[in-house]
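Below, each chain spelled out in residue letters.
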Amino acid sequence: MFVLVEVFGDVLCPWCYIGKRRLESALMGLEVEVVWRAFELDPGGSRVPGETAAEAMAEWWGDRAEARVAQIRSLGATEGLELNLHLARPVNTFDAHRVARLAAADGRGGVMVERLLRAYHTEGLNVADPEVLRRLGVETGLDGDRVDGVLVGAEFADEVRDDRRRAVELGVSRVPTLVIDGAAPVPGVQPVEELRRLLGG
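Residues numbered from 1 in each chain as written. Predicted model: local features only at pLDDT ≥ 70, side-chain atom pairs only at ≥ 80, totals over all residues. Heavy atoms only, no water.

Quick look at the nonpolar core
If you look at the biggest cluster of nonpolar residues, it comprises 37 residues, and the most contacted ones within it are V99, M112, L116, Y120, V127, L136 and L142. Of all the secondary-structure elements, those providing two or more residues to this core are helix 1 (14-27), helix 2 (53-61), helix 3 (65-78), helix 4 (94-105), helix 5 (109-121), helix 6 (130-139) and helix 7 (144-152). When residues no more than four places from it in sequence are discounted, the contact partners of L116 are V11, A96, A100, V127, L133 and L136. Membership of the second largest hydrophobic core comes to 11 residues, among which are V5, V7, L178 and I180. (Core = buried A, V, L, I, M, F, W, Y, C linked by side-chain atoms within 4.5 Å. Buried < 20%, exposed > 50% of the residue type's maximum accessible area, 1.4 Å probe, protein only. Helix = DSSP H or I, 4+ residues; strand = E, 2+ residues; numbered from the N terminus. Contact = heavy atoms within 4.5 Å.)

What to know about the pairing of strand 3 (residues 177-180)
Here is the key point about a regular strand: its side chains alternate between the two faces of the sheet. Covered by surrounding structure in strand 3 are T177 and V179 together with L178 and I180, the residues of both alternating faces. Where strand 3 meets strand 4 (residues 186-187), two bridges bridge the pair, whose relative direction is antiparallel. Note that in strand 4 the partner of L178 across the bridge is V186. Here strand 3 folds back onto strand 4, and the loop between the two strands holds five residues, one of which, D181, carries a positive phi near 50 degrees. (Pairing = 2+ DSSP bridges.)

Details of the environment of R165
Note on placement: R165 falls in helix 8 (residues 157-170). Along the sequence, R165 and V147 sit 18 residues apart, while their C-alpha atoms lie 25 Å from each other.

Details of the sheet that holds strand 4
Reading across from one edge, 2-1-3-4 is the order of the four strands in this open sheet, with mixed pairing throughout. Pairing within the sheet leaves two strands with one partner each, and these edge strands are strand 2 (32-38) and strand 4. Sheet topology places strand 1 (residues 3-9) next to strand 3; four bridges connect them, and they run antiparallel. The partner of V7 across the bridge, within strand 3, is L178.

Re the packing of helix 4 against helix 8
In a pair of packed helices, the angle between the axes and the distance between the axes together describe the arrangement. Running from N to C, helix 4 and helix 8 cross one another at 105 degrees; their axes reach a closest spacing of 9 Å. Between helix 4 and helix 8, the interaxial angle falls into the category roughly perpendicular. Where helix 4 abuts helix 8, its residues F94, H97, R98 and R101 lie against A157, E159, V160, R161 and D163. Classifying every residue of the contact of helix 4 with helix 8 gives three nonpolar, one polar and five charged. (Axes fitted to C-alpha atoms, helices over the stretch in contact; angles between N-to-C directions. Parallel < 35°, antiparallel > 145°, perpendicular 65-115°, else oblique. Nonpolar A, V, L, I, M, F, W, Y, C, P; charged D, E, K, R; others polar.)

Some details on the side chain of E6
Note that E6 resides in strand 1. The contacts of E6, once residues within four sequence positions are left out, are V35, R37, R166, T177, L178 and V179.

A look at the environment of D148
Mapped onto the elements, D148 comes out in helix 7. For D148, a relative accessible area of 28% translates into the label partly exposed.

Looking at the state of the cysteines
By definition, a disulfide links the sulfur atoms of two cysteine residues through a covalent bond. With the rule as written, the count across this model stands at zero disulfides. Here C13 is not disulfide-linked; the sulfur of C16 is the nearest cysteine sulfur, at 3.4 Å. Exposure remark for C13: the relative accessible area of 5% places this residue in the buried category. With a relative accessible area of 9%, C16 lands in the buried category. (Disulfide = S-S within 2.5 Å.)

Remarks on the pairing of strand 1
Taking burial as the measure, the seven residues of strand 1 include six buried ones, the bulk of the element. Pairing between strand 1 and strand 2: seven bridges, direction parallel. In the sheet register, G9 faces strand 2, and the bridge partner there is A38. Handedness of the crossover is the feature at issue here: the chain leaves strand 1, passes through helix 1, returns alongside strand 2, and the resulting connection is right-handed. (Right-handed = clockwise from strand over helix to strand, strands pointing away.)

With respect to helix 6
Looking only at helix 6, the buried set comprises V132, L133, L136 and G137. Buried positions in helix 6, seen along its axis, are confined to an arc of 135 degrees and lie on one side of it. For helix 6, the elements touching its buried residues are helix 4, helix 5 and helix 7. Two or three places before E131, at the opening of helix 6, D129 has a side-chain oxygen 2.8 Å from that residue's backbone nitrogen. Downstream of helix 6 by a residue or two, G141 has a phi angle that is positive, lying close to 105 degrees. (Arc of directions from axis to C-beta. Polar contact = N/O pair within 3.5 Å; in protein donor to acceptor, adjacent residues only side chain to side chain.)

Treat this as a map of the structure, not an account of what it does.
Put into structure tokens, the structure is as follows:
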């Protein structure tokens, strides 16, 4: 049975990286199409990096922050991910989502999403910087001039905004969230066995 899975997420979200790994494990042997949907966590965010993700979490969670950061890093490590929250600096992800859309049009959407997540969470790169996005796009197999063309114009802007509108219509309020064959949204971070059950595996 062919299944369509829409994944609503944002580059800034470490849980999206963890969820992506678990979903990939759950998909093994199943006939599934995965579509990555943009859900900006901070649409008004700056393109200039400021405080680190760990520092921001300390402001949100206070005394609980250290334990929460350790938990996220530990869960990431379990999935083979290095989540460097002390290096990652939140920025505006609108252009990153547009480049991911460009990659999806070329059949490389999942690869581009993976590269963006690693660039931000592991390498601490500024995923709002056009030069960084160009390099990541080229590493993913995209034409550098094509990436530049997207970044200097408005291509894929409507698609990114449409993803957010669709999320609102579906009742998606956090990331990562999965929408499987148009059914009610479900959390994207679940045990692999539960994800396989939801996918009919």
